[in-house]
Amino acid sequence: MEKIIWLWMAEGLLTPEKGKRIEDAGEACLKALISRSFFQQSSRRESAMVMHDLVHDLAMFISGEFCFSCGDSNDLSNLGTKACHLSYIKDSDDLMKLGAVSQSREKKLMSLRTLLALPLSKVHVSGKPVLELHELFRKVGGCSRVLSLSQSSITELPDSFGNMKYLRYLDISYTKIKEFPDSICTLYHLQTLLLSGCTQLTQLPTKLVALVNLGHLDIRGTSLEKMPLQMCKMKRLERLSDFVLGENDGGRIKELAEFPLLGGSLCISGLEHIVDVKDVSEANLKDKKFLSELILKWGSGGDSRSQQESVLEALQPHTNLKQLRIEGYEGTIFPDWVGHVSFFNIVEVVLQDCRNVCMLPPLGQLSSLRGLWIEGLDGVVSIGNEFCGSSSPTTNHPFTCLEYLYICYMESWEKWSFSSDGLGQEGGIFPSLTEIDINMCKKLLVGLPDCHLPSLKSIDIHNCDEVVGVFVCQSRQEMDTKAFPSLQSMSVWICPRLESLLGRQSFPSNLKHLRIIGCKKLWENRVNWGLERMSSLMALYLSGIEEEVDSFPEEGLLLPTTLTELSIEFFEKLKGLNGRAFQHLTSLQNLQIKFCGELECLPQEGLPLSLSCLRIERCPMLKQRCQRGTGEDWPKIQHIPKILINNKEI
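Now for a look at the structure at hand. Because the structure is predicted, anything quoted here is derived from the model rather than measured.

### Concerning a nonpolar patch on the surface
Side chains of Leu-58, Phe-61 and Ile-62 sit close together on the surface and give an oily, nonpolar patch of about 390 Å² of accessible area. Among the secondary structure elements, Phe-61 is positioned in helix α3 (residues 53-63). Among the residues examined, Phe-61 registers a relative accessible area of 70% and is labelled exposed.

### Considering the nonpolar core
Core analysis: the largest hydrophobic core is formed by 162 residues, its most contacted members being Leu-256, Phe-430 and Phe-552. Ignoring sequence-local partners within four residues, the contact set of Leu-256 consists of Leu-240, Phe-243, Leu-262, Leu-266, Ile-268, Ala-283, Leu-285 and Lys-288. Of all hydrophobic cores here, the second largest spans 15 residues; its members include Ile-4, Phe-39, Met-49 and Leu-194.

### Some details on helix α7 (residues 305-314)
Listed in full, the buried residues belonging to α7 are Gln-307, Gln-308, Val-311 and Leu-312. For α7, the angular spread of buried residues about the axis comes to 135°, placing them on one side. Those residues of α7 that are buried lie in contact with α6 (277-283), β13 (291-297) and β14 (323-327).

### Describing the environment of Ser-500
Structurally, the position occupied by Ser-500 is in the loop between β22 (489-493) and β23 (513-517). Measuring from C-alpha to C-alpha, the distance between Ser-500 and Cys-519 comes to 10.0 Å, with 19 residues separating the pair along the chain.

### Things to note about the packing of aromatic side chains
A complete count under the given rule lists 15 aromatic pairs for this structure. Between Trp-413 and Trp-416, the aromatic rings sit 5.0 Å apart at their centres with planes inclined by 80°, giving edge-to-face as the arrangement. By relative accessible area, which is 0% here, Trp-413 ends up buried. Put simply, the rings of Phe-387, Phe-399, Trp-413, Trp-416, Phe-418 and Phe-430 touch in pairs and so form one group of aromatic residues. Between Arg-515 and the ring centre of Tyr-541, over which it is positioned, the NZ or CZ distance is 4.2 Å.

What counts and what doesn't
Residues numbered from 1 in each chain as written. Predicted model: local features only at pLDDT ≥ 70, side-chain atom pairs only at ≥ 80, totals over all residues. Heavy atoms only, no water. Patch = residues over 30% accessible without salt bridge, like charges linked within 9 Å, V, L, I, M, F, W, Y side chains within 5 Å. Areas by Shrake-Rupley, 256 points an atom, 1.4 Å probe, with all protein chains shown as cover. Salt bridge = Lys/Arg side-chain N within 4 Å of Asp/Glu carboxyl O. Helix = DSSP H or I, 4+ residues; strand = E, 2+ residues; numbered from the N terminus. Buried < 20%, exposed > 50% of the residue type's maximum accessible area, 1.4 Å probe, protein only. Core = buried A, V, L, I, M, F, W, Y, C linked by side-chain atoms within 4.5 Å. Contact = heavy atoms within 4.5 Å. Arc of directions from axis to C-beta. Phe/Tyr/Trp six-rings, centres within 6.5 Å; stacked < 30°, edge-to-face > 60°. Lys NZ or Arg CZ within 6 Å of the ring centre and 35° of its normal.

This is the structure we're talking about:
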């Protein structure tokens, strides 16, 4: 949505009120249009907007001959001389056609103010050659305000680029451009420069500071090694995606003090190069109230642990911050501001590769926190009350809004160690948690904490070598009706010591989706699963079974009649399928059988009449027997509407 506002700015459509930023005027205008349904929130992406077809048609009618959009029904040969705004589809050959127009119909380009690649978001682009840019820039340069060459195949810009004197918006993101001509530094009206995803770009022009009107600079995903000198002279910068501190340049962090209106997302990398903590204090991040996201990155080497602790202490941001990411920090503790109750606006926290930290910060005090990612904190052995903060689970409930928790690559983490006071009570710790994902925690013994999780819907535990159980409860009834009343989905992957989920008890009866992959001991205990009692189970995925299985499902492993999806994969020694058991599955609609090399044939009784889709992959014996019309098993499956063998429909 920011791009829409920046485009309005480039076209001169916004006038800010006295004492307010021009972006504020743009946001107010956008909200007004949304409230009138001119724009609508996209159902696919939270950050995208769409227009209703009727509103779009009305806008196109009103814009008339001044706007031209290339498309299947609108060829560039129809471009009129009054066209001011031209858009093209970035993954088509429209840009090449425009090159031809620039050579044959020069007058049609003289009044162009906008040349825009659509859609504004990143999409797949074919590697087609780009047009002769030199001629295009020479002819459209006089009037152009907006130019987008995003995701084109350009590798450089010609010197004639400097002819575009009135250019205010330039997007060359996700291209293979390696450097800029010096002439770009003469575009004194430029307000927005978007370079994200230009992975081969290693440096910006040394005279970039001459762009005194530049307000938005996006360099995410580039390979910049340092920032241009005297960045502090660019007083109008309000969006700076990255500030890269190079070797011997750590002191330049104080230049950030010159951007009091800096907002949006800011990533500061190369923090290991800081020598004097006073330089960090002078950057004055604490007063940058418009920053919504702060990313702090340390590389390898550099200063001592105690130095990094002091640096992180001085990097305290304004309490308006919404997202925080700390990566590569080598201190042993986090400063008090990380997790402080005053940061009530934070909704997302990422702590990554902070390998010397031995205790998690009190993130439970962040009253608006919804998403939490913890990765590579190798010094942490247990997670307990310190994680909640000063408030206990019975007062000011910790993690009130937390919905998603992801913990991975924790080499030393062994256990949850919350005190028992109040944790089992309704409204205790994690009252809103809906998803938990635990991955590559090699020493963890039990997957979930011993507490009441009333909102938990999904559990995913994989590659945890020492996990022996998922739940810690006293009885099956307690697990189903009290601890996890909302649980719907569970996945356990490659947990070799996992024997059961709850002592000798079976799975929670309210599960709808169950996935078990490569859990040898759990499979050996399958007679205790009690799947037949899971009256809500709709999808079952079993994979990675190495032992010999004569027939699936076996007599002691009854499947519930509610199943609509069943997947059997990597049963290396599966010999056959239990026809009587399959006939019992009267609701089954989708069946997948993959990588079962010794499976000889389908059951004599055939497959359920309810099946609508059958997928068979890498089962050589079945492939021949299931050929349409000629295979021995074809009569057993000919009633199924859709059959795929090795991803080909037969």
